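Residues per chain are reported as follows:
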Amino acid sequence: MKTLKIAIQKSGRLNEKSVELLKNCGLNFENYKSSLISPVSNFPLEILFLRDDDIPEYVQDGIADLGIVGENVIQETEVDVAYLQRLGFGRCSLKIAVQNTSNMESISELDGKSIATSYPNILSKYLQQNNVQADIRTISGSVEISPGLGLADAICDLVSTGGTLKSNGLKPFADVMSSEAVLIGRKGSENEDLIQELIARVQSVLRAKETKYVVLNVERKNLEAVVKLLPGVKSPSVVPLAEAEWVAVHTVIPERDFWDRISQLKQAGAQGIVVMPIEKIIL
Ligand code: PRT
Ligand code: ZN
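Report follows, based on the coordinates. Keep in mind that what you see is a predicted model, and the values were worked out from it rather than measured. (Residues numbered from 1 in each chain as written. Chains lettered and ligands numbered in written order. Predicted model: local features only at pLDDT ≥ 70, side-chain atom pairs only at ≥ 80, totals over all residues. Heavy atoms only, no water.)

**Focus: the overall build of the protein**
Working step 1: Helix and strand content of the protein: 8 helices and 15 strands.
Working step 2: Across its three principal axes, the protein shows a C-alpha extent of roughly 75 × 55 × 30 Å.
Working step 3: Burial analysis of the protein (283 residues in total) assigns 44% to the buried set.
Working step 4: Long-range contacts, defined as pairs at least 24 residues apart, comprise 69% of the intrachain contacts of the protein with a sequence gap of at least 6.
Working step 5: Charged side chains in the protein number 30 positive and 36 negative. The centres of these two groups are separated by 5 Å. (Helix = DSSP H or I, 4+ residues; strand = E, 2+ residues; numbered from the N terminus. Buried < 20%, exposed > 50% of the residue type's maximum accessible area, 1.4 Å probe, protein only. Contact = heavy atoms within 4.5 Å. Lys, Arg positive; Asp, Glu negative; His and termini not counted. Charge placed at Lys NZ, Arg CZ, Asp CG, Glu CD.)

This is the structure in structure tokens:
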């Protein structure tokens, strides 16, 4: 059987979460910082540890079958790869920022200005779409210090908390793109079955992360009201308790409306609510 290869970041912001995701998929491998390649002992897969900038091209060219990388890097390298699954981590936005003292109000005012960035391709497309002609200055790091040094009028850089902008006297001015880590694959790969198996595992881990397992007790007379509040994977399981008038209800609740649901359940008569994390959900 052919062995798949998946490229992930060797070190940096996406490394830890990428390794965690693959381990949660039941893949058994060593995560030595010194090695560039690590075989998986219980799945026909090898993990390649690379700089994130190289991952899209490795996947496009078939050196790796799959990769985990930020959308910002995929768009910037302008490769032709398949987006297989958004992964929900490494979230950030690529933004244009200007000095706090600037009174620029619209994008068109960037006409004739200089913008420092490590994302010249994405920025140039964005400016074109907005009919702005600015001077793009490509630099590889510490973009945020350029306006303070008089090297550029604005910057275009990734922002997550906004702390870096703030501490450099900058404010966000325009959103260019939002990004998260994605699982990408080579278009037309001949290992479709194995890839689909891996995607199914990734999806079951992601689904589990988005939901909580909930067990609660309720008097039979309140059961209908409580069940109405529970979406569940299909419908909740109702288990009789030693006390004849009471039952236990088992179900899953989406993380996003968790607190609202819990208070509604309490109001409807639920008691002894136990909430547990879920490892995997296989549909
Ligand atoms: O060595 P290698 O080339 O692999 O790594 P790298 O240094 O190029 O990338 P790395 O590890 O910094 O980031 C990897 C990926 O994480 C990026 O390509 C994004 O997809 C994602 N990501 C998420 C971020 C951020 N958040 C982020 N905040 N990447 C960079 N930043 C930087 C940003 O450039 C700025 O300097 O963090 C600073 C801003 O952060 P805040 O929180 O102050 O706003
Ligand atoms: Zn990089």
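Now that the structure has been shown, the text picks up again.
**Points about the side chain of Asp 65**
Working step 1: In this fold, Asp 65 is placed in the loop between α2 (55–60) and β4 (66–70).
Working step 2: Taking relative accessible area as the criterion, Asp 65 reaches 4% and is therefore assigned buried.
Working step 3: In terms of polar contacts, Asp 65 uses its side chain to reach the backbone amide nitrogen of Lys 5, at 2.8 Å.
Working step 4: One polar contact links Asp 65 to Asn 191, side chain to side chain, over a distance of 3.2 Å.
Working step 5: When neighbours within four sequence positions are excluded, Asp 65 is seen to be in contact with Lys 2, Thr 3, Leu 4, Lys 5, Val 59, Ile 184, Gly 185, Arg 186, Ser 189 and Asn 191. (Polar contact = N/O pair within 3.5 Å; in protein donor to acceptor, adjacent residues only side chain to side chain.)

**Regarding the site of ligand 1**
Working step 1: Around ligand 1 there are 22 residues in total, and Asp 53, Asn 72, Thr 161, Gly 162 and Thr 164 lie nearest to it.
Working step 2: In this structure, an oxygen atom belonging to ligand 1 sits 2.8 Å away from a side-chain N or O atom of Asp 52.
Working step 3: Take Gly 162: an N or O atom from its main chain is 2.8 Å from an oxygen atom of ligand 1.
Working step 4: Summarising the interface, the protein chains cover 78% of the accessible area of ligand 1, which totals 840 Å² for the free molecule.
Working step 5: Applying the majority rule of atoms within 2 Å of the grid points places ligand 1 in the largest pocket.
Working step 6: When residues of the shell around ligand 1 are traced back to their parent elements, those giving at least two are α3 (71–77), β9 (154–159) and α5 (163–167).
Working step 7: By residue number, the principal contributor to the shell around ligand 1 is β9, which donates 3 residues.
Working step 8: Classifying every residue of the shell around ligand 1 gives 5 nonpolar, 11 polar and 6 charged.
Working step 9: Residue contributions to the shell around ligand 1 reach at least three from each of two domains, namely domain 1 (4–89 + 180–208) and domain 2 (92–179). (Near = heavy atom within 4 Å. Areas by Shrake-Rupley, 256 points an atom, 1.4 Å probe, with all protein chains shown as cover. 1 Å grid on protein atoms, 1.4 Å probe; cavity = no way out; pocket = protein on both sides within 12 Å on 5 of 7 lines; lining within 4 Å. Sits in = over half its atoms within 2 Å of the grid points. Nonpolar A, V, L, I, M, F, W, Y, C, P; charged D, E, K, R; others polar. Domains from an automatic or database assignment.)

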